[in-house]
Protein chains: 2
Amino acid sequence: MVEELDQRKRRILQAIIQEHIISASPIGSRTLAKKYSLDVSPATIRNEMADLEDMGYLEQPHTSAGRVPSDKGYRYYVDKLLRREEQDVNGIVKNIEELYQNLQNVQDIISNMAKMLSNMTHYTALVSEPKSQVSRLKKVELMQLEDNSLLLVFVTDTGMVNNKIINLGQNLSLRKISYLNKYLSDKLENKLLADLDVDYLNSLEKELLSRLDLSLELFNQFYNEFEGAFEPGSVKVYLGGTSYILEQPEFNDLKRLKKMLKVLDQEEMLSKIINSISGSGLEIKIGQENDVEDIKNCSLVVATYYISNRAVGKIGVIGPTRMEYPRVISSVDIISDILGNLISKASG
Amino acid sequence: MVEELDQRKRRILQAIIQEHIISASPIGSRTLAKKYSLDVSPATIRNEMADLEDMGYLEQPHTSAGRVPSDKGYRYYVDKLLRREEQDVNGIVKNIEELYQNLQNVQDIISNMAKMLSNMTHYTALVSEPKSQVSRLKKVELMQLEDNSLLLVFVTDTGMVNNKIINLGQNLSLRKISYLNKYLSDKLENKLLADLDVDYLNSLEKELLSRLDLSLELFNQFYNEFEGAFEPGSVKVYLGGTSYILEQPEFNDLKRLKKMLKVLDQEEMLSKIINSISGSGLEIKIGQENDVEDIKNCSLVVATYYISNRAVGKIGVIGPTRMEYPRVISSVDIISDILGNLISKASG
DNA sequence: TTTTAGCACTCGGCAAACGAGAGTGCTAAC
DNA sequence: GTTAGCACTCTCGTTTGCCGAGTGCTAAAA
């Protein structure tokens, strides 16, 4: 399937892709010969192009149009032709980090990084919140707000702070609250969230009920809120620069544009998209390689970001398959680094 | 400017608007005569239409097209021709409220109501968070997270919960924290946020510095976070159903669509839009009446929502001037009610 | 055997031309 | 004051024809 191409074919394929990334339209043999010093005539290029098409690296929108790279073509380009520029980015990273150092709140950091990334790449950026499964609970506390309402606050070591107001029918004495806090602290803090499953929480409930005469209601509410906040599906996805898709000529078609915007409008969809990337490093999905039906004409460049060496979330961009991969790849790389660092710092 | 129209003109204007709201295209005298039993011939209608155009209630996209209502026409329609259906909505309100009763978190409530409203109206919904100026601080508390980081939590009586992680260079003893909590509680709780201005906070700082030998750093951070969260400009605006604008034929034009989407992509813009509505009840801005340049071909239907009788935020929809006003108005009315109630309940 | 020049052919896109349809304004009759 | 009739206007969709870019093939050149 993935044959080796000879030198000339590689150069031609690369030239076509480069040209197409700029022009967004089919590339003909003539233009190619003129703009790139391939030292062969258009006719020869034509023959090579026909070969490349047979092999599946190029496509022809219709007879007598130029050629357009196929998904396979892009895949080859990304895997074999792209030399990742090991640019010296330390300076950049430092600069951006300093610029955003005053952001203390994880949500703010994420949405700012989404914006940053989209501005750098001119594509729409996607970032998922740190996922709860690999987070540890750092702090749980109930605070009394009013006679019959409590505020439940919990903080994870990935810096996520959640809070819920719990309304009770009943009044809870300060003593009981303080007892509860100590108890919950003991039983929950420093635990991996993945371990706080239904069974474990149930066992806590029983124990608590026997020790304090708490109404079941409190625990139910507590339980719901608590569980709800951490369930796997509930990771939020942040979007940045939605309007950049408008700049892409492939979405000048109204129907396509609508489809795309609808996808970006649905949170479940976004979550599906970004969770379809399973790897731990930087991953690229090109066109048909995507699992999600509605983005099979898009490419995804996604990196994992880390907090104290744990893979906690994803950050990436989505755009047309005709994407400026080199630039995008290094941007995603950089920003994923920065994101991890900023969150680490902010969450102590 | 706003003359009285005779009976026949009113009926014709109303018919044109109704028809245009359905068809989204210019209405001719013939169609009107056929579909509405106006008991006059097309020729007569033509004469009336010419009059209405002279008066500014109608517009003609070009000679020999039908007429289209102008902003002024819609204004007249909304003010004089629309009889607000005093439908019995108590049942609906109850139902929806029950449906969403389990939402405890103000942000969730808001974003759900934005979705709900957009689904009901099929236009894009805008909702602003409860504004801080009219909120009272219900609870302030510092919790220790780790040796040198604190979590600052504050809750307003409008149910907004804010939290910030504060990193200190220095370690703070539990005694000091508890002293601080008591002090801040004393000085800040139950105060109107509008009163917590720079002067007041400065005076606190001085007092605190003299009593505890707190590093200035803590207070600075505290102060920044605290102030930042409450500053007037920082009210978030929630969007619901962005993709509904895609269904409006007036945005089938790519250029217009792009412009609109760009507006909705910018948070400051949204904030400007929704804050341009100053009234306390339900307000309608039609086309040119809007202050914000980029939405001068849109209409806005916005209501204020209340928490314990204080006007705290706005909720509304944005769509083409050709809007289904009656339906939209009652939907916005209902949902603004529900929103206020839900938040009131959730925040105790 | 590989490369190239030449040539006929194909197709999309654009602009001009055209007719149908919907609508108007005006005039004159009712 | 209302209506019928008519000439006129303008948009929109369709058709037509043409240009340009590009291809594939063949035969000649290297």
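In this text the structure is predicted, and so the values were computed from the model without any measurement.

The rules behind these values
Residues numbered from 1 in each chain as written. Chains lettered and ligands numbered in written order. Predicted model: local features only at pLDDT ≥ 70, side-chain atom pairs only at ≥ 80, totals over all residues. Heavy atoms only, no water. Near = heavy atom within 4 Å. Polar contact = N/O pair within 3.5 Å; in protein donor to acceptor, adjacent residues only side chain to side chain. Helix = DSSP H or I, 4+ residues; strand = E, 2+ residues; numbered from the N terminus. Nonpolar A, V, L, I, M, F, W, Y, C, P; charged D, E, K, R; others polar. Contact = heavy atoms within 4.5 Å. Buried area = accessible area lost by both parts, 1.4 Å probe. Salt bridge = Lys/Arg side-chain N within 4 Å of Asp/Glu carboxyl O. Domains from an automatic or database assignment. Pairing = 2+ DSSP bridges. Axes fitted to C-alpha atoms, helices over the stretch in contact; angles between N-to-C directions. Buried < 20%, exposed > 50% of the residue type's maximum accessible area, 1.4 Å probe, protein only. Lys, Arg positive; Asp, Glu negative; His and termini not counted.

**Section: the protein's contact with DNA strand D**
- Neighbouring DNA strand D are 20 residues, the closest being A:Ser29, B:Arg8, B:Thr44, B:His62 and B:Ser64.
- Atoms of DNA strand D within 4 Å of the protein: sugar and phosphate make up 78%, bases the balance.
- Within the contact set of DNA strand D, a phosphate oxygen lies 3.4 Å away from a side-chain nitrogen or oxygen of B:Thr63.
- The set of elements that each furnish at least two residues to the surface near DNA strand D consists of helix 2 (29–35) and helix 3 (42–55) of chain A together with helix 3 (42–55) of chain B.
- Counting residues per element, the surface near DNA strand D draws most heavily on helix 3 of chain B, at four residues.
- Tallied by class, the residues present in the surface near DNA strand D amount to four nonpolar, twelve polar and four charged.

**Here's the deal with the interface of chain B and chain A**
- Taken together, the contacts link 39 residues of chain B with 39 residues of chain A.
- Carbon and sulfur atoms supply 55% of the area buried between chain B and chain A, which totals about 3,300 Å² over both sides.
- When the buried area of chain B at its contact with chain A is split by residue, B:Gln104, B:Ile165 and B:Leu246 rank highest and sum to 16% of it.
- For the pair chain B and chain A, the number of links is two salt bridges.
- Here A:Glu146 makes a salt bridge to B:Lys138, at a shortest N to O gap of 2.7 Å.
- Applying the counting criterion to the chain B and chain A interface returns twelve residue pairs in polar contact (both at pLDDT 80 or more).
- Sorting the residues of the side of chain B that touches chain A by element identifies helix 6 (106–121), strand 4 (137–146), strand 5 (149–156), strand 6 (161–167), helix 9 (216–230), helix 10 (254–265) and helix 12 (325–346) of chain B as the ones contributing at least two each.
- Among the elements that make up the side of chain B that touches chain A, the one with the highest residue count is strand 4 of chain B (seven residues).
- Of the residues contributing to the side of chain B that touches chain A, the split by class is twelve nonpolar, 14 polar and 13 charged.

**Considering the domain arrangement of chain A**
All names here are of chain A.
- Each assigned domain of chain A is listed with its residue range as follows: domain 1 (7–81), domain 2 (90–130 + 235–346) and domain 3 (133–233).
- The centre of domain 2, based on its C-alpha atoms, is set 33 Å off from the matching centre of domain 3.
- If you look at the interface, domain 2 gives eleven residues, while domain 3 gives eleven residues.
- The junction of domain 2 with domain 3 conceals about 750 Å² of combined surface from both sides, 52% of it contributed by carbon and sulfur atoms.
- At the boundary of domain 2 with domain 3, the tally comes to one salt bridge.
- Taking the shortest distance from any N to any O, the salt bridge between Asp157 and Arg310 comes out at 2.9 Å.
- On the surface where domain 2 and domain 3 come into contact, there are two residue pairs in polar contact (both at pLDDT 80 or more).
- Elements with a contribution of two residues or more to the side of domain 2 that touches domain 3: helix 6 (106–121) and strand 10 (310–320).

**Quick notes on the sheet that holds strand 10 of chain A**
All names here are of chain A.
- Reading across from one edge, 7-3-10-9-8 is the order of the five strands in this open sheet, with antiparallel pairing throughout. Here the strands that pair on one side only, and so sit at the sheet edges, are strand 7 (237–240) and strand 8 (283–286). Strand-to-strand twist of the sheet, defined as the mean angle between neighbouring strand axes without regard to direction, takes the value 20°.
- Sheet analysis places strand 3 (residues 124–128) next to strand 10, joined by four bridges and oriented antiparallel. Residue Val127 lies in a different strand from strand 10, and its bridge partner there is Ile315.

**Considerations on the protein's contact with DNA strand C**
- Around DNA strand C sit 20 residues, and of these A:Arg8, A:Thr44, A:Ser64, B:Ser29 and B:Arg67 come closest.
- Here DNA strand C approaches the protein such that, of its atoms within 4 Å, sugar and phosphate make up 78%.
- Within the side chain of B:Arg46, a nitrogen or oxygen atom sits 3.2 Å from a base nitrogen of DNA strand C.
- Here a sugar or linking oxygen of DNA strand C sits 3.5 Å away from a polar atom, N or O, in the main chain of B:Ala65.
- If you list the elements that add at least two residues to the surface near DNA strand C, you get helix 3 of chain A together with helix 2 (29–35) and helix 3 of chain B.
- Sort the elements by how many residues they give to the surface near DNA strand C and helix 3 of chain A lands first, with four residues.
- Classifying every residue of the surface near DNA strand C gives four nonpolar, twelve polar and four charged.

**A few points about the side chain of B:Glu129**
Residues and elements named next belong to chain B.
- Looking at where Glu129 falls in the secondary structure, it is placed in the loop between strand 3 (124–128) and strand 4.
- We note that Glu129 is buried and unpaired, the nearest opposite charge coming from Lys236 at a distance of 5.2 Å.
- For Glu129, the side chain forms a polar contact with the side chain of Tyr238, separated by 3.4 Å.
- Residues within four places of Glu129 in sequence aside, it is in contact with Gln107, Ile110, Met160, Val235, Lys236, Tyr238, Tyr305, Val312 and Gly313.

**A short note on helix 4 (residues 71–81) of chain A**
- Along helix 4 of chain A, the residues that are buried comprise A:Lys72, A:Gly73, A:Tyr74, A:Tyr76, A:Tyr77, A:Val78 and A:Leu81.
- Of the surrounding secondary structure, the elements contacted by the buried residues of helix 4 of chain A are helix 1 (7–23), helix 3, strand 2 (68–69), strand 8 and helix 12 (325–346) of chain A.

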